[in-house]
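Coordinates in review
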Amino acid sequence: MRDDRSGFEPFDCAPALRLEAHERVSKLHVDGFNRRIERLEAEIERLERRLWLTVYGVVGVILAQGLQSLMQVQ
């Protein structure tokens, strides 16, 4: 396969191969970072749910104690 502009066959030069290899390694790093970010986001969502359940539980206990003390007064 010849390049009509120069009359020579195209070839891969070392700098181009190094650049391609660097791009592949960079893509692997970015993909790995994205997977880690997705896992961290999922973990944060689980922790947030646990936090809200704890808050609701504490508020429920406080309301139950307040209601119990009101019932004892009457």
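Residues numbered from 1 in each chain as written. Predicted model: local features only at pLDDT ≥ 70, side-chain atom pairs only at ≥ 80, totals over all residues. Heavy atoms only, no water.

The name an unreviewed UniProt entry gives the protein chain is Gene transfer agent protein, with Thalassovita gelatinovora as the organism.

**Some remarks on the pattern of salt bridges**
Cut-off, in case you're wondering: In what follows, salt bridge is the name for a side-chain nitrogen of Lys or Arg lying within 4 Å of a carboxyl oxygen of Asp or Glu. Helix and strand assignments follow DSSP, with helices taken as H or I runs no shorter than four residues and strands as E runs no shorter than two, numbered in order from the N terminus. Each residue is assigned to one of three classes by its accessible area relative to the maximum for its type, calculated with a 1.4 Å probe on protein chains only: buried under 20%, partly exposed between the two thresholds, exposed over 50%.
Taken as a whole and assessed by the stated rule, the structure comprises 2 salt bridges. Across the salt bridge formed by Lys27 and Asp31, the nearest N and O atoms sit 3.0 Å from each other. Taken together, the residues Lys27 and Asp31, both in helix H1 (residues 14-73) and 4 residues apart, mark about one turn of the helix. The class of Lys27 is exposed, set by a relative accessible area of 52%.

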